[in-house]
Amino acid sequence: MHQPALSTDLRHRTIEAPGGRLHLVEQGVGPLVLLVHGFPESWYSWRRQLPALAAAGYRAVALDVRGYGRSSRPAATEAYRMLDLVADNVALVRALGEERAVVVGHDWGANIAAASALLHPEVFRAVGLLSVPYAPPGGPRPTDVFARMGGDQEFYVSYFQEPGRAEAEMEPDLRGWLAGFYAAMSADTMPAPGEPDPHFVARTGGRLRDRFPAGMLPAWLTEDDLDVYAGEFERTGMTGALNRYRCMDRDWADLAQYRGAPIEQPSLFIGGALDASTTWMADAIDAFPTTLPALAATHILDGCGHWIQQERPEEVNRLLIAWLASLQG
């Protein structure tokens, strides 16, 4: 497999964490910035941010979240609860010899970053959220909410709940499935308004990929990039990644004491105008004056889909670096 050219300054490390080993990639020296990826990705999703942050004077560290890449993949579904992923982030900061860090996350990584900041403000001094806005713990049980969505169709998060079900769709052709999933949520390849929504499946015999764009890659994703992602998931399978979705009710119970709690540290949100995560959660963005009282800014990037730091790396880097600089004052 041909690997894309990456900076020769990248340093791969493995550290010990509560759930086993965590693989990370770091570049640069300076204040620590921890980068947390989402589904279905890896540290590689931050390949455009690592050198930019390093050049700006930061120690940029992107990890493979538990269940992904070269990090450990515990067998138990409950090992992927939010409390455990937060504990991994705290252990990582300590293993790097640091006391504090800024944490930045995308997609599920945004939820993990937010929970890390909420539970450990003494460690995470600021939080940047990409694509998925902060919504405080609380409300109805998540699986009950998802079950009511879609009418005669099934929401993808509900589809992911049963162990083995989504794996049976994905794993026979992981490269093709990933290509379609990435394309379905990218601005330049997503289905047009009015076409079937790829976030839903038919309740009887449906597959997510039935609604994915076929035979096209978004501009941000080269064949070599796709090889990297597919190569990791071909080796690991998809269960570790999918188990994050299967712990949402556990998280709801575990974090009940934080119901409605704001994140008090400095924060930043960057979303894509064409991303369902931004549009469906507009109420959460509207609530930021209450839920993120130290928010520096909300940036909604026109014409951008879900894979925001890969679709618009230069713009995201500029916004992140300006915000990070403001924290030094």
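Residues numbered from 1 in each chain as written. Predicted model: local features only at pLDDT ≥ 70, side-chain atom pairs only at ≥ 80, totals over all residues. Heavy atoms only, no water.

**Let's talk about the packing of aromatic side chains**
(1) Moving on: Summed over all chains, the structure comprises 25 aromatic pairs.
(2) Moving on: When the centroid spacing of 5.7 Å and the interplanar angle of 50° are considered together, the rings of Phe155 and Trp280 count as tilted. Residue Phe155 is located in strand β7 (residues 153-155), and its partner Trp280 is located in helix α11 (residues 276-280); the two are separated by 125 residues in the primary sequence.
(3) Moving on: Ring geometry for Tyr182 and Trp220: centres 5.8 Å apart, planes at 65°, overall edge-to-face. Separated by 38 residues along the polypeptide, Tyr182 in helix α7 (residues 174-184) and Trp220 in the loop between β8 (200-202) and α8 (223-236) bring together distant segments of the chain.
(4) Moving on: Classification of Trp220 by relative accessible area gives buried; the value is 7%. (Phe/Tyr/Trp six-rings, centres within 6.5 Å; stacked < 30°, edge-to-face > 60°. Helix = DSSP H or I, 4+ residues; strand = E, 2+ residues; numbered from the N terminus. Buried < 20%, exposed > 50% of the residue type's maximum accessible area, 1.4 Å probe, protein only.)

**Quick notes on unusual backbone geometry**
(1) Moving on: Along the chain, Phe39 connects to Pro40 via a cis peptide bond; the corresponding omega equals -15°.
(2) Moving on: Mapped onto the elements of the fold, Pro40 is located in the loop between β3 (32-36) and α1 (49-55).
(3) Moving on: A positive phi is found at Asp107, a non-glycine position, where the angle reads about 60°.
(4) Moving on: With respect to the element layout, Asp107 can be found in the loop between β5 (101-106) and α3 (108-119).
(5) Moving on: Taking relative accessible area as the criterion, Asp107 reaches 10% and is therefore assigned buried.
(6) Moving on: The phi angle at Ser131 is positive, at roughly 80°, despite the residue not being glycine.
(7) Moving on: By the element assignment, Ser131 lies in the loop between β6 (124-130) and α4 (142-147).

**Things to note about α7**
(1) Moving on: Counting buried residues in α7 gives 9 out of 11 residues, a clear majority hidden from the surface.
(2) Moving on: Along α7, the residues classified as buried are Leu174, Trp177, Leu178, Ala179, Gly180, Phe181, Tyr182, Ala183 and Ala184.
(3) Moving on: Residues of α7 that are buried make contact with α6 (165-170) and α8. (Contact = heavy atoms within 4.5 Å.)

**What about the pairing of β6?**
Within a regular strand, the side chains alternate between the two sheet faces.
(1) Moving on: Of all 7 residues making up β6, 6 are buried, and the element is well covered by its neighbours.
(2) Moving on: Judged from the 6 bridges that link them, β5 and β6 form a sheet pairing that is parallel. Opposite Val104, over in β6, you have Gly128 as the bridge partner.
(3) Moving on: For the segment spanning β5, α3 and β6, crossover handedness is right-handed.
(4) Moving on: Of the strand pairs in this sheet, β6 and strand β9 (residues 267-272) are connected by 4 bridges, and their pairing is parallel. Following the sheet pairing, Leu129 is matched in β9 by Phe269. (Pairing = 2+ DSSP bridges. Right-handed = clockwise from strand over helix to strand, strands pointing away.)

**Structural notes on the environment of Arg244**
(1) Moving on: Looking at the element boundaries, Arg244 is found in the loop between α9 (239-242) and α10 (248-254).
(2) Moving on: Distance from Arg244 to Met82, taken between C-alpha atoms, is 8.0 Å for residues 162 residues apart in sequence.

**Digging into the environment of Asp173**
(1) Moving on: Take Asp173: it is sitting in the loop between α6 and α7.
(2) Moving on: Judged by relative accessible area, Asp173 falls into the partly exposed class, the value being 34%.
(3) Moving on: Placed 51 residues apart in sequence, Asp173 and Glu122 show a C-alpha to C-alpha distance of 44 Å.

**Observations regarding the pattern of salt bridges**
(1) Moving on: By the definition in use, this model includes 18 salt bridges.
(2) Moving on: Here Glu26 makes a salt bridge to Arg59, at a shortest N to O gap of 2.8 Å. Placement of Glu26 in strand β2 (residues 20-27) and of Arg59 in strand β4 (residues 59-63) is noted, with a sequence separation of 33 residues between them.
(3) Moving on: According to the relative accessible area criterion, Glu26 is buried, its value standing at 3%.
(4) Moving on: When the shortest N-O distance is used, the salt bridge between Asp173 and Arg209 registers 3.1 Å. (Salt bridge = Lys/Arg side-chain N within 4 Å of Asp/Glu carboxyl O.)

**Topic: the nonpolar core**
The nonpolar side chains of a soluble globular protein tend to be buried, and buried together.
(1) Moving on: Within the largest apolar cluster, 104 residues are counted, with the highest numbers of intra-cluster contacts made by Phe39 and Phe160.
(2) Moving on: Take this core: its biggest share by element is 9 residues, from α3.
(3) Moving on: Excluding its chain neighbours within four sequence positions, the residues that come into contact with Phe160 are Phe39, Ala166, Met170, Leu208, Leu242, Tyr245 and Arg246. (Core = buried A, V, L, I, M, F, W, Y, C linked by side-chain atoms within 4.5 Å.)

Geometric descriptors of this kind do not, in isolation, establish any biological role.
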